[in-house]
Amino acid sequence: MNGVHNATDVDNATDVDNVTDVDKVTNVTEVRLRKEHIRLINDELTLHAPNEACGVFIGRQGRDSIIVETVLPIKNSRPSDRSFELDPKEHYEAWNRADDEEMEIVGVYHTHPHSKATPSAWDKESMENYQTLWVIAGIDGIKGYVWDCSVKRIEIVEIN
Ligand SMILES: [Zn+2]
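These remarks concern the structure in this document. Computed from a predicted model, the values in this text were never measured in an experiment.

### With respect to the sheet that holds strand S7 (residues 150-159)
Working step 1: Read around the closed barrel, 7 strands run S1-S3-S2-S4-S5-S6-S7, paired in mixed fashion. The sheet shows a mean angle of 35° between the axes of neighbouring strands, direction not considered.
Working step 2: Pairing of strand S5 (residues 133-138) with strand S6 (residues 141-148), which is carried by 5 bridges, proceeds in the antiparallel orientation. Looking at the pairing, Ala137 lines up with Ile142 of S6.

### Some thoughts on the pairing of S5
Working step 1: Counting buried positions over the 6 residues of S5 gives 5, a clear majority of the element.
Working step 2: By the bridge criterion, 5 bridges tie strand S4 (residues 104-111) to S5 in an arrangement that is parallel. Counted as the bridge partner of His110 is Ile136 from S5.
Working step 3: Following the chain from S4 across helix H3 (residues 121-129) to the adjacent parallel S5, one finds a crossover that is right-handed.
Working step 4: Linkage of S5 to S6, two consecutive antiparallel strands, is achieved through a turn of 2 residues.

### Details of the environment of Ile38
Working step 1: Position of Ile38 among the secondary structure elements: in helix H1 (residues 35-48).
Working step 2: Exposure remark for Ile38: the 18 C-beta atoms within 10 Å place this residue in the partly exposed category.
Working step 3: Between the alpha carbons of Ile38 and Ile142 there is a distance of 7.9 Å; along the sequence they are 104 residues apart.

### As for the nonpolar core
Working step 1: Among the nonpolar cores identified, the biggest contains 37 residues, and Val56, Phe57, Ile58, Val68, Leu133, Trp134 and Val146 are the most heavily contacted of them.
Working step 2: For this core, the secondary structure elements donating two or more residues are strand S1 (30-34), H1, strand S2 (54-61), strand S3 (65-74), helix H2 (88-100), S4, S5 and S6.
Working step 3: By residue number, the principal contributor to this core is S3, which donates 6 residues.
Working step 4: In this structure Val146 touches Val25, Thr26, Val28, Leu133, Trp134, Lys152 and Ile154, once residues within four positions along its chain are discounted.

### Re the pairing of S3
The two faces of the sheet receive side chains in turn, since in a regular strand these alternate between them.
Working step 1: For S3, the tally of buried residues reaches 9 of 10 residues, placing the bulk of the element in the interior.
Working step 2: Examined bridge by bridge, S1 and S3 share 3 bridges and lie parallel to one another. What sits directly across from Val31, in S3, is Ile66.
Working step 3: Bridging between S2 and S3 involves 8 bridges; their strand directions are antiparallel. From the neighbouring strand, Val56 faces S3, where its bridge partner is Leu72.

Reading the values: the criteria
Numbers given for residues are sequential positions, taken from 1 along each chain in its written order. Given that this is a predicted model, residues contribute local features only at a pLDDT of at least 70 and side-chain atom pairs are listed and counted only at 80 or more, while totals for whole chains, interfaces and linings are drawn from all residues. At least two DSSP bridges between two strands are required for those strands to pair. Helix numbering and strand numbering both begin at the N terminus, where a helix is a DSSP run of H or I of at least 4 residues and a strand a DSSP run of E of at least 2. Axes here refer to lines fitted to C-alpha atoms; in helices the fit is confined to the stretch in contact. Angles between the N-to-C directions go from 0 to 180 degrees. Every C-beta atom is placed from the backbone, and the number of other C-beta atoms within 10 Å of a residue's own sets its class: buried at 20 or more, exposed at 12 or fewer, partly exposed in between. For crossovers, right-handed means that the path from the first strand over the helix to the second runs clockwise, given strands pointing away from the viewer. Only buried residues count toward a nonpolar core: Ala, Val, Leu, Ile, Met, Phe, Trp, Tyr and Cys, linked into one set through C-beta atoms within 7 Å. A pair of residues counts as a contact when their C-beta atoms, built from backbone coordinates, are separated by no more than 7 Å.

The structure is reproduced here in structure tokens:
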């Protein structure tokens, strides 16, 4: 499990309700990521260039915010510089891990080593089909999105 960051401090998350209805992701306006999470995603961008890297977030979803506890890199099973595919086996293992930790998979991330952190046409189609938090790390930084009839940008709040 190289590169996996475990988070043990959940005190900051106690004011967040657990919501299991995935449709509620449309209400989300911000995602809270730790500095180390952002560093890990940026490291993944560099490490896998020119191909895209991908992974999932384990955490909790509240009424209007998502708190990420763990950033879990997942093998890109179809390496490309234009798209990605979460390795099904590793994705499944991530679901089990989230379940064991009484959390959820609250989103996915991927990297754009050659372009901005803006959803591509392929991303938009995928976002519509898999409605969750989408974080993209590109040459202009890291940005968060959800699909709410169209692409909606949400704020990334960096916490310590
Ligand atoms: Zn993309």
